[in-house]
Amino acid sequence: MRRYDLVIFDFDGTVADTKRDLADATNHTLAALDLPPHDVEEVARFVGGGLKLLLKRALGPHGEDPAMLERALAVFRPYYKVHMMDATRPYPGTVEMLDAIAAAGLVSAIATNKPRLFTGDLVPGIFGDRFHPVIACGSSADDDAPRKPDPVCVAMCRAIHAAVPAERVVFVGDSVVDIETARNAGLDVVSVTWGYAAREKLLARSPRWVADDNAALQRILLG
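Summarised in this report is the structure supplied together with it. (Residues numbered from 1 in each chain as written. Predicted model: local features only at pLDDT ≥ 70, side-chain atom pairs only at ≥ 80, totals over all residues. Heavy atoms only, no water.)

## Some points on the sheet that holds strand S8 (residues 209-211)
Sheet strands line up and pair through hydrogen bonds in the backbone, either parallel or antiparallel.
Stage number 1. Read from one edge to the other, the open sheet built from 6 strands follows the order S5-S4-S1-S6-S7-S8, with strand pairing classed as parallel. Two strands close off the open sheet at either side, each with one partner strand: strand S5 (134-136) and S8. Strand-to-strand twist in this sheet, taken as the mean axis angle between neighbours without regard to direction, amounts to 20°.
Stage number 2. Pairing between strand S7 (residues 188-192) and S8: 3 bridges, direction parallel. Following the sheet pairing, Val-190 is matched in S8 by Trp-209.
Stage number 3. Against the sheet, helix H10 (residues 214-222) engages strand S1 (6-9), strand S6 (169-173), S7 and S8, with an angle of about 150° to S8. (Pairing = 2+ DSSP bridges. Helix = DSSP H or I, 4+ residues; strand = E, 2+ residues; numbered from the N terminus. Axes fitted to C-alpha atoms, helices over the stretch in contact; angles between N-to-C directions. Contact = heavy atoms within 4.5 Å.)

## Thoughts on the pattern of salt bridges
Stage number 1. Applying the stated criterion to the full structure yields 13 salt bridges.
Stage number 2. Between Lys-148 and Asp-178 there is a salt bridge, with the nearest N and O atoms lying 2.8 Å from each other. Of this pair, Lys-148 sits in the loop between S5 and helix H7 (152-160) while Asp-178 sits in helix H8 (residues 176-185); the two residues are 30 residues apart in sequence, bridging distant segments of the chain. (Salt bridge = Lys/Arg side-chain N within 4 Å of Asp/Glu carboxyl O.)

## Overview of unusual backbone geometry
Stage number 1. Residue His-132 is joined to Pro-133 through a cis peptide bond whose omega torsion reads 0°.
Stage number 2. Along the chain, Pro-133 turns up in the loop between helix H6 (116-127) and S5.
Stage number 3. Looking along the chain, the bond that leaves Lys-148 and enters Pro-149 is cis, with omega of 20°.
Stage number 4. For Pro-149, the position within the fold is in the loop between S5 and H7.
Stage number 5. Even without being a glycine, Asp-34 presents a positive backbone phi close to 60°.
Stage number 6. As for its position among the elements, Asp-34 is in the loop between helix H1 (19-32) and helix H2 (40-46).
Stage number 7. Notably, Ser-206 is not glycine yet its phi reads approximately 50°, a positive angle.

## What to know about the nonpolar core
Nonpolar side chains in soluble globular proteins tend to end up buried together.
Stage number 1. Ranked by internal contacts, the top residues of the largest apolar core, which has 53 residues, are Phe-9, Phe-131, Leu-217 and Leu-221.
Stage number 2. With near-sequence residues (within four places) excluded, Leu-221 lies in contact with Arg-2, Arg-3, Tyr-4, Val-7, Phe-9, Met-97, Ile-101, Leu-106, Val-170 and Val-172.
Stage number 3. Judged by nonpolar contacts, the second largest core, of 19 residues, contains Ile-135, Cys-137, Cys-157 and Leu-202. (Core = buried A, V, L, I, M, F, W, Y, C linked by side-chain atoms within 4.5 Å. Buried < 20%, exposed > 50% of the residue type's maximum accessible area, 1.4 Å probe, protein only.)

## A look at H6
Stage number 1. Counted at 1.5 Å a residue, the expected span for H6 with its 12 residues is 16 Å, and the 16 Å between its end C-alpha atoms agrees.
Stage number 2. Of the positions making up H6, those classed as buried are Phe-118, Thr-119, Leu-122, Val-123, Ile-126 and Phe-127. Seen from one end, H6 has its buried residues packed into an arc of 100°, which puts them on one side.
Stage number 3. Positive phi shows up at Gly-128, right after H6, with a value of about 65°. (Expected span 1.5 Å × (residues − 1). Arc of directions from axis to C-beta.)

## Some words on the layout of surface pockets
Stage number 1. Roughly 500 Å³ of volume is contained in the largest pocket.
Stage number 2. The wall of the largest pocket is formed by 31 residues, among which Val-47, Gly-48, Gly-49, Arg-57 and Ser-175 lie closest to the centre.
Stage number 3. For the lining of the largest pocket, the elements supplying multiple residues, two or more each, are H2, helix H3 (51-59), helix H4 (66-83) and H8.
Stage number 4. The residue inventory of the lining of the largest pocket, partitioned by class, reads 15 nonpolar, 6 polar and 10 charged.
Stage number 5. Considering only enclosed or pocket space, the second largest pocket measures out at about 200 Å³ in volume.
Stage number 6. Together, 18 residues line the second largest pocket, and Arg-77, Pro-115, Ser-139, Ser-140 and Asp-143 are the ones closest to its centre.
Stage number 7. Of all elements in the fold, only H3, H4 and H6 reach the threshold of two or more residues within the lining of the second largest pocket. (1 Å grid on protein atoms, 1.4 Å probe; cavity = no way out; pocket = protein on both sides within 12 Å on 5 of 7 lines; lining within 4 Å. Points joined across faces, edges and corners; volume = space filled by probe spheres on them. Nonpolar A, V, L, I, M, F, W, Y, C, P; charged D, E, K, R; others polar.)

## Points about H1
Stage number 1. Given a rise of 1.5 Å per residue, 14 residues ought to cover 20 Å, and the 20 Å separating the end C-alpha atoms of H1 matches this to within 8%.
Stage number 2. Along H1, the positions that sit buried rather than exposed are Lys-19, Asp-21, Leu-22, Ala-23, Ala-25, Thr-26, Asn-27, Thr-29 and Leu-30.
Stage number 3. Here the buried face of H1 lies against strand S2 (16-17), H2, H3 and H4.
Stage number 4. Just downstream of H1, Asp-34 is the residue with a positive phi angle, here 60°.

Limitation: the analysis is restricted to geometry and does not speak to function.
Below is the structure:
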């Protein structure tokens, strides 16, 4: 018997390895601004709070300058839009896990701080129609909800699947922001350890569940 009926996934670092494409776009942006690059793992540590926060972190002291941040966004957005699927792929076992839980009757959704500008093509381009809905959390007019950890994104997912009670909904993510989102929404949370946050950092927040690979995640979701 399955443990949950609705699974709300984060995107970057949870179901998709976007690390290389994010790093390339970030370093393209920094080069355009005559600033030094970061290595891929550094950029991965900047992910989790949305695009503006990623670039603010990447810019270092320059990120406190609103004009510089806007210049960075203007460079990043069109470049990443073109190159966001160059190296981005599902994590090993993710597609198989999604298909297995769907066969067991679970519904999968996404709530991500990645802007709608990107998710509109990126999510179906990689995963087809496996997620419903896909909620983009951000600050632009095209986005659906405020950035996580605001729980509005969870409320939107649950409104579409209104028959599912809260105790049958779980949030799956790779960051502290995802843990906070789940708690703000009154949901169980699974922290996956293959993403962009250190395992120790996640464990320090005492998530309900921890999964070290997709096989473990599948077992948790199915009970």
